[in-house]
Amino acid sequence: MKQKFLRFVSDYRIIFIIYIIVAAVTACSKYKRGTGGYNNYLIFKGVFYNTLQERNIFSQYPDLFFDSNHYGVFFSLLIAPFAMMPDGFGAVFWNIAITLVFLYAIYKLPFSNAKKSFFAWLCLQEFITAAAYFQFNIILTGLLMLSAIYIYERKETQSAFAILIGVFVKIYGIVGLSAFFFVKNKTKFIISLVVISVLFFVLPMLISSKEFGIQSYFDWYTSLSGKNLENQALGTRQDYSLMGVVRRVLGDASISNLIFLVPGFILFMLPYIRTKQFKFLPFQMMILSSTLLFVVLFSSGSESPTYIIAISGVMIWFLMQKNWSKIDIGLLIFVMIFTCFAFSDLFPKFIKEEVFIKYSTKAIPCILIWFRVMYELLTKDFEKDYQLD
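Keep in mind that what you see is a predicted model, and the values were worked out from it rather than measured.

Caption draft 1: The arrangement of the environment of Cys-123 in detail. Relative to the helices and strands, Cys-123 is located in helix α6 (residues 113-131). Separated by 186 residues in sequence, Cys-123 and Ile-309 have C-alpha atoms that sit 9.5 Å apart. Dropping the residues within four chain positions of it, Cys-123 is found in contact with Tyr-19, Phe-102, Ile-308, Ile-311, Ser-312 and Met-315.

Caption draft 2: Broad picture of the pattern of salt bridges. Across all of its chains, the model carries ten salt bridges by this definition. The partner of Lys-349 in a salt bridge is Glu-353, and the shortest N-O contact between them spans 3.9 Å. Here Glu-353 and Lys-349 lie together in helix α16 (residues 349-357), a separation of four residues that amounts to about one turn. Through salt bridges with shared partners, one network takes in Lys-108, Glu-153 and Lys-155.

Caption draft 3: Layout of a nonpolar patch on the surface. A cluster of nonpolar side chains, Ile-190, Val-194, Val-198, Phe-201, Val-202, Leu-206, Ile-214 and Phe-218, forms an exposed patch at the surface whose accessible area comes to about 730 Å². Among the secondary structure elements, those contributing two or more residues to the nonpolar patch are α9 (186-202) and α10 (210-231). Here the nonpolar patch takes five residues from α9, the largest share from any one element. With respect to the secondary-structure elements, Phe-218 resides in helix α10.

Caption draft 4: Here's a closer look at unusual backbone geometry. In this model, Ile-171 sits at a positive phi of 65°, which is unusual for a non-glycine residue. When you line up the elements, Ile-171 lands in the loop between α8 (156-170) and α9. A positive phi is found at Asp-239, a non-glycine position, where the angle reads about 60°. Along the polypeptide, Asp-239 turns up in the loop between α10 and α11 (242-250).

Caption draft 5: Inspection of helix α3 (residues 39-52) at higher detail. Helix length check: α3 (14 residues) gives 20 Å between terminal C-alpha atoms against 20 Å at 1.5 Å per residue, within 8%. Counting buried residues in α3 gives ten out of 14 residues, a clear majority hidden from the surface. Three or more residues of α3 are buried, namely Asn-39, Tyr-41, Leu-42, Ile-43, Phe-44, Gly-46, Val-47, Phe-48, Asn-50 and Thr-51. On its buried side, α3 packs onto α4 (75-83), α5 (87-108) and α10. Taken from the residues just after α3, Glu-54 is the one with a positive phi, measuring 55°.

Caption draft 6: Representation of the packing of α3 against α5 within the structure. It is the contact of α3 with α5, at a shortest axis distance of 11 Å, that shows an interaxial angle of 95°. When the axes of α3 and α5 are compared, the pair comes out roughly perpendicular. On α5, the residues that touch Tyr-41, Leu-42, Phe-44 and Lys-45 of α3 are Asp-87, Gly-90, Ala-91 and Trp-94. For the contact of α3 with α5, the per-class residue count stands at five nonpolar, one polar and two charged.

Calculation criteria
- Residues numbered from 1 in each chain as written.
- Predicted model: local features only at pLDDT ≥ 70, side-chain atom pairs only at ≥ 80, totals over all residues.
- Heavy atoms only, no water.
- Helix = DSSP H or I, 4+ residues; strand = E, 2+ residues; numbered from the N terminus.
- Contact = heavy atoms within 4.5 Å.
- Salt bridge = Lys/Arg side-chain N within 4 Å of Asp/Glu carboxyl O.
- Patch = residues over 30% accessible without salt bridge, like charges linked within 9 Å, V, L, I, M, F, W, Y side chains within 5 Å.
- Areas by Shrake-Rupley, 256 points an atom, 1.4 Å probe, with all protein chains shown as cover.
- Expected span 1.5 Å × (residues − 1).
- Buried < 20%, exposed > 50% of the residue type's maximum accessible area, 1.4 Å probe, protein only.
- Axes fitted to C-alpha atoms, helices over the stretch in contact; angles between N-to-C directions.
- Parallel < 35°, antiparallel > 145°, perpendicular 65-115°, else oblique.
- Nonpolar A, V, L, I, M, F, W, Y, C, P; charged D, E, K, R; others polar.

What follows is the structure in structure tokens.
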């Protein structure tokens, strides 16, 4: 019985199938609850139809959906095939599509099949949270992982493509450039970035107009600037970041992001002085882990469904350890309980409202992991101290 169970949990194909089923069932469940249940999908769908009609894609349309869109106009092309389906089918197939990208990225990780399975199992709770909101963060996580993997595989064009999808939809994709120093053919990579950027910039204009496309980028900047100010308000379900923890503990929403971003970015970049470690794949993967954590922990836009990105970074760090210490295991358990299950029925409502939301405590375990990752990046020998299989 024990051996059968171990075979079950270590077979990545089984957990991958579970992911696809969860994605479909979650979408169906949300759709059956009415428009409020799949409001995010309606916002996404609206990006396509508003682009076709050349209406501001960042305005609110209360007759169609609540809240507003914050994705770039290029997103209109990604959502188009799903938006043209009936809502029920579109929502289900959208969730399955973004899940497949995430699963493909896990499959491409340079880990053993058992570790890929372990990775997926431990990300499942955060995946469910993101899938319940039809979140682009699921595909963004996959794209960030693929961008680093393709660089190791010397597929510069594919890496540039993955990075720029993230950039043109949600800006966050720009952190994929953290692997730039590992690129072998930098000329090919830069040319790919330029050509694909021009292509992505122009493509939305083919279903709208040049004027609308250009104006949409200005509108996008205005939208993101306004959202950043809203996110910093105390007590919201946003700003689950390092800055958010400090702002909420001190009760001061006016504390600037720059106080954290400048030293955080300097620390993030310090491992790049270790040029002799660049050739080792574990070092490159640890940089990826740091990147996935950094982009969440240093963004005021981080919310609960965003943590599929950070948890993937945690899993990469954990699975590369050659020997798990008690501290490593303790940190992982801390993350699983207080990040992954922070808003589950594991905790009573008043704890979630008066502690987790009020003080952005969902971020704290991942903050500790990120500092641990930075310590390892700055001190460890990645030729000897880590293993991938």
